[in-house]
Amino acid sequence: MTSHTGVSRRQLFTRAGVAGAAIFAMPEFSRVLGIRQQLVAQAQTQMQMRTLTAPELAALTAMCGRIIPADANGPGAIEAKAPQYIDHSLSGALAGARQSYAEGLAALDAGSQQKFGAPFVKLTPAQQDAVLTDIQDGPFFNLVRGHTLQGTFCDPLYGGNANFIGWDLIGYPGVRLNVTAAEQNMSTPATRNHKSAYDYLMFSKTETMNGH
Amino acid sequence: MATNLKKTDVVIIGMGAAGGVAALPLAQAGIEVVGLEAGTWLAAKDFAPDELRNNFRAWPQAIQKAQNEIPTHRPNAGAPSSPRLAIHPMMNAVGGTSLHYWAQSWRLSPWDFKVVSETTRRYGASRIPKGSTVEDWPFGIEEIERFYDIVEQEIGVSGKAGNINGTIDPRGNIFEAPRKREFPMPPLRWSEWHDRMASAARGLGWHPFPGPAAINTKSYGNRSGCAYHGYCNRGGCHVNAKGSTAVTTIPKAMKTGKLSVVTQASVTSINVDGNGRVTGVTYVKGREEFFQPATAVLLAAYTYENVRTLLLSKSKAFPNGLSNNHGQVGRHYLTHATGGGVTALFPMKLNNWYGLPAQGVAVDDWADDSFDHSSVDFIGGGNLFVYSDRRPISAAGMNTFGRAPAWGSAWKAFVKENADKWHGAYMQKTTLPYEDNYLDLDPEVKDPLGLPVCRITADFKDNERNAATFCQDKMEQWYRAAGAVEIVRGPLGTMGPSTHAYGGTRMGKSAETNVVNEWGLSHEVPNLGVLGASIMGTSGAHNPTLTVQALAWRTAEYLARNLNKM
Ligand SMILES: Cc1cc2nc3c(=O)[nH]c(=O)nc-3n(C[C@H](O)[C@H](O)[C@H](O)COP(=O)(O)OP(=O)(O)OC[C@H]3O[C@@H](n4cnc5c(N)ncnc54)[C@H](O)[C@@H]3O)c2cc1C
């Protein structure tokens, strides 16, 4: 996962000078967690704009914001950091789609110019929706839609689904390593725990190169 | 120049679901086995419950062999290639794809072994579809009952028997062939959702039962019971409840001291002498090439790689590829028709966020020859299966059933309300082999070693299409009976690279139409065997792996008895 968050969790612990079993000592553990949060925050700032140019990222962000808007039903893809997820994944597992983004975002601006005389980011939400409606059956829109879903609903490790915005929207109760019969029943569902897979320290993170 | 290694008794190429099982009876018989595996060992720490990683990206295995040799596909010899798949989810690791498969562990039904004779007897010979090259298996299901039983015990299969020595128990599958005893463990539990689907099926007069799974439901040997965490679908098991060969037969075989597993060893050819007998195999590990001599070789690298390895192993004795002097390698290829799904929207939340795809309700009333085919336009049928398996990205990617647009505020409101209210059934339908469905080497596309990848030339025919439509009708009926308010049907799709790929090295009595004999050994090369669904000539309506493993045990046991004659 190194390329997605800048630093892997294992490195974080190592940098914090804590190794192996020591992380289970509770007071030490919470201190380390604090350090970890700082490091993750740092890494996240560093990871802004990793692949796309500033205008490309701005256009993509506006597009994500219309695909899953913030509205009466709560925050959307921008708040979940889906654009950042896409941007840094385009240097990793989604690198094969970099060219499609360059061409697609350019075409988006061209279409916006033609229809409303301004680039996509400068349009009103209603105008943006009109431009997107024109391309909604095409491959670029569906590529971005798919990646916006990934960035909104993925494990927070990848920089998306920030603050569990995506999981809360659809009611996913969070990662549990052991699920009881009651928690699987329709009448007694599990409560939300806001846990990522990697909150369970037994798992290592391994980089995956190919994605879609 | 390849480094020559010390001779061993048996080399197994691929330590997956099939090769990993075959190693055990050989090692237990005191035979020296070298297991050559392209991948590495993986363990619980590698199995994070992470949907993006497991389901949307290529698995982060150290060796991306399956990924680097994804077969190409074209529907027929005159058609251009279809777009190449981005990901093929077969695993390269000790345990192979049994590490992250769904682990449904089915026995086939008796009809699957006798498609030609039983169809002819019951409905007349004209009911065998035109152009199909289907044959009866060289034996009936009775022959492999013992091997099904052994493997169920070794890998740990949970389920409920429906027929023990002829006594029918409606809590299990009443259509199954007689088994000698109950499953080693009771079935995976049912939730209220499962109960609801089961009673709907009963209301239709059908016979629902819990599907069998190579998943522990209580501690079994040194492994725990299932934790139902929801990431079993293309995920490895963090508590070793899944009976992959990496945690069952392989370590057990290694304990005998007779099996050594060589990891990151990628076999490039099987070598023969002037008399056409196998002398050993050549493999690449790192940048080095090795030659491992052996008395006999078992090829167990999954269908595409089994066929490719034979076709690439050319010699004076076998100018068109090993064991291919009858031109049968690559023929009789088929893949399970698992497309043509049905998706339903319910008015209530199903709480399907946890569980696993093997935790399900199965119906076999419309599978194989469970029903009278006199008035339908196909032979065979499908297993209908509903289960509890949902993860956030795919849940949000749900079909909107024409009730909402695909994006924007209205979409968001729709998924907020309905992400846990839909379900998609898994339906495996009979597929038959046909003259013009086959595998060969791609003339253009190569792997990183510069070797051609496998090329699939195949398409579904009327029998598969008609069976699929019939099963969609039945599934829709079932969902509606359980209260579904909307239904959509998916297309059957193409026959591109599959996780249920059969044929290519078919097993049968005649060398004219089959590559291996009734023991899984080559008709042309006495000391070469092939393991995997590539030897199966029919698919039936159930997943292949338990049958693959039963056959692998049987071949290995036969080889152990006859090795001294080789
Ligand atoms: C997501 C998923 C879910 C599935 N669910 C089910 C299910 O529920 N039930 C079921 O019955 N089946 C299921 N299957 C299918 C099942 O996984 C296969 O039938 C089974 O694994 C095939 O066994 P195999 O030994 O032939 O291949 P594999 O298990 O894939 O093993 C082949 C091994 O050979 C190695 N190898 C390949 N080439 C070489 C070479 N040249 N040299 C050395 N080693 C090599 C590979 O690395 C691999 O380890 C599923 C498959 C997938 C992908």
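Everything numeric here is computed off the predicted structure, so don't read it as measured data.

Draft legend 1. Fine view of the overall build of chain A. Helix and strand counts for chain A stand at nine helices and zero strands. Considering chain A as a whole, with its 212 residues, one finds that 49% of them fall into the buried category. In chain A, the proportion of contacts linking residues at least 24 apart, taken out of those at least 6 apart, comes to 61%. When the accessible surface of chain A is split by element, carbon and sulfur atoms take 57% of a total near 9,300 Å².

Draft legend 2. Representation of the overall build of chain B in the model. Scanning chain B for helices and strands turns up 13 helices and 22 strands. In terms of overall size, chain B behaves like a compact globule, its C-alpha atoms giving a radius of gyration of 23 Å where 566 residues would be expected to give roughly 24 Å. Principal axes of the C-alpha set define a box for chain B whose edges measure 70 × 55 × 50 Å. Taking all 566 residues of chain B together, the buried fraction comes to 67%.

Draft legend 3. Layout of the nonpolar core. Core analysis: the largest hydrophobic core is formed by 168 residues, its most contacted members being Tyr101(A), Ile12(B) and Ile270(B). Broken down by element, the residue count for this core peaks at eight residues, all from helix H13 (residues 545-562) of chain B. Apart from the residues within four sequence positions on either side, Tyr101(A) is in contact with Leu52(A), Leu60(A), Ile86(A), Leu90(A), Phe140(A), Leu143(A), Val144(A) and His147(A). Membership of the second largest hydrophobic core comes to 30 residues, among which are Ala200(B), Phe378(B), Leu384(B) and Ile487(B).

Draft legend 4. Representation of the sheet that holds strand E18 (residues 438-446) of chain B. Residue and element names in this part refer to chain B. Strand order in the open sheet made by the three strands is E4-E19-E18, with mixed pairing throughout. Among the strands making up the open sheet, the edge pair consists of strand E4 (72-74) and E18. Mean inter-strand twist for the sheet, computed between neighbouring axes without regard to direction, equals 35°. Judged from the five bridges that link them, E18 and strand E19 (residues 452-457) form a sheet pairing that is antiparallel. Looking at the pairing, Leu439 lines up with Ile456 of E19.

Draft legend 5. Up close: the side chain of His332(B). Residues and elements named next belong to chain B. Inspection of the secondary structure assignment puts His332 in the loop between helix H9 (303-312) and strand E12 (334-335). A distance of 2.9 Å separates polar atoms of two side chains, one belonging to His332 and the other to Thr133. Here the side chain of His332 touches Gln328 through a polar contact of 2.7 Å, side chain to side chain. Among residues more than four places away in sequence, those in contact with His332 are Thr133, Pro433, Asn437, Tyr502, Gly503, Gly504, Arg506 and Thr513.

Draft legend 6. Up close: the pairing of strand E11 (residues 288-299) of chain B. Residues and elements named next belong to chain B. Of all the twelve residues making up E11, ten are buried; the element is thus mostly covered by neighbouring parts of the structure. Pairing analysis gives two bridges linking strand E1 (residues 3-4) to E11, with the strands arranged parallel. Opposite Thr3, over in E11, you have Phe290 as the bridge partner. As paired elements, strand E10 (residues 278-285) and E11 share six bridges and run antiparallel to each other. The residue of E11 that forms the bridge with Val281 is Gln292. The pairing of E11 with strand E22 (residues 528-530) spans three bridges and is parallel. Following the sheet pairing, Leu299 is matched in E22 by Val530.

Draft legend 7. Layout of the interface of chain B and chain A. Tallying the contact residues gives 50 residues for chain B and 60 residues for chain A. Buried area between chain B and chain A, both sides added, is near 4,600 Å², and the carbon and sulfur share of it is 58%. The interface formed by chain B and chain A holds one salt bridge in total. Between chain B and chain A we count 30 residue pairs in polar contact (both at pLDDT 80 or more) in total. Those elements that provide at least two residues to the side of chain B that touches chain A are helix H2 (51-56), helix H7 (192-203), helix H10 (392-396) and helix H11 (408-418) of chain B. Here the side of chain B that touches chain A gets seven residues from one element, more than from any other, and that element is H11(B).

Draft legend 8. Local environment of the site of the ligand. All names here are of chain B. Neighbouring residues of the ligand: 33 residues in total, closest Glu37, Asn92, Thr97, Gln104 and Thr545. In the environment of the ligand, an oxygen atom lies 3.0 Å from a nitrogen or oxygen atom belonging to the backbone of Ala103. Protein chains bury 97% of the 980 Å² of accessible surface belonging to the ligand in isolation. Among the residues forming the shell around the ligand, the class breakdown is 18 nonpolar, eleven polar and four charged.

Draft legend 9. Molecular detail of the domain arrangement of chain B. All names here are of chain B. For chain B, the assigned domains read domain 1 (1-99 + 139-156 + 244-335 + 432-451 + 497-566) and domain 2 (185-228 + 337-430 + 460-493). Of the residues lining the interface, 21 residues belong to domain 1; the matching set on domain 2 comes to 27 residues. Of the roughly 1,800 Å² buried at the junction of domain 1 and domain 2 (both faces included), carbon and sulfur atoms supply 48%. Looking only at domain 1, the three residues that lose the most surface to domain 2 are Glu51, Leu432 and Ala541, adding up to 30% of its buried area. Linking domain 1 with domain 2 are one salt bridge. For Asp436, the salt bridge identified is with Lys461, shortest N-O distance 3.0 Å. Taken together, the connections running from domain 1 to domain 2 amount to twelve residue pairs in polar contact (both at pLDDT 80 or more). Elements supplying a minimum of two residues to the side of domain 1 that touches domain 2: H2 and helix H6 (141-155). Take the side of domain 1 that touches domain 2: its biggest share by element is four residues, from H2. Residues belonging to the side of domain 1 that touches domain 2 are distributed by class as follows: seven nonpolar, eleven polar and three charged.

Quick notes on the rules
Residues numbered from 1 in each chain as written. Chains lettered and ligands numbered in written order. Predicted model: local features only at pLDDT ≥ 70, side-chain atom pairs only at ≥ 80, totals over all residues. Heavy atoms only, no water. Helix = DSSP H or I, 4+ residues; strand = E, 2+ residues; numbered from the N terminus. Buried < 20%, exposed > 50% of the residue type's maximum accessible area, 1.4 Å probe, protein only. Contact = heavy atoms within 4.5 Å. Areas by Shrake-Rupley, 256 points an atom, 1.4 Å probe, with all protein chains shown as cover. Rg over C-alpha atoms; globule rule 2.2 N^0.38 Å. Core = buried A, V, L, I, M, F, W, Y, C linked by side-chain atoms within 4.5 Å. Pairing = 2+ DSSP bridges. Axes fitted to C-alpha atoms, helices over the stretch in contact; angles between N-to-C directions. Polar contact = N/O pair within 3.5 Å; in protein donor to acceptor, adjacent residues only side chain to side chain. Buried area = accessible area lost by both parts, 1.4 Å probe. Salt bridge = Lys/Arg side-chain N within 4 Å of Asp/Glu carboxyl O. Near = heavy atom within 4 Å. Nonpolar A, V, L, I, M, F, W, Y, C, P; charged D, E, K, R; others polar. Domains from an automatic or database assignment.

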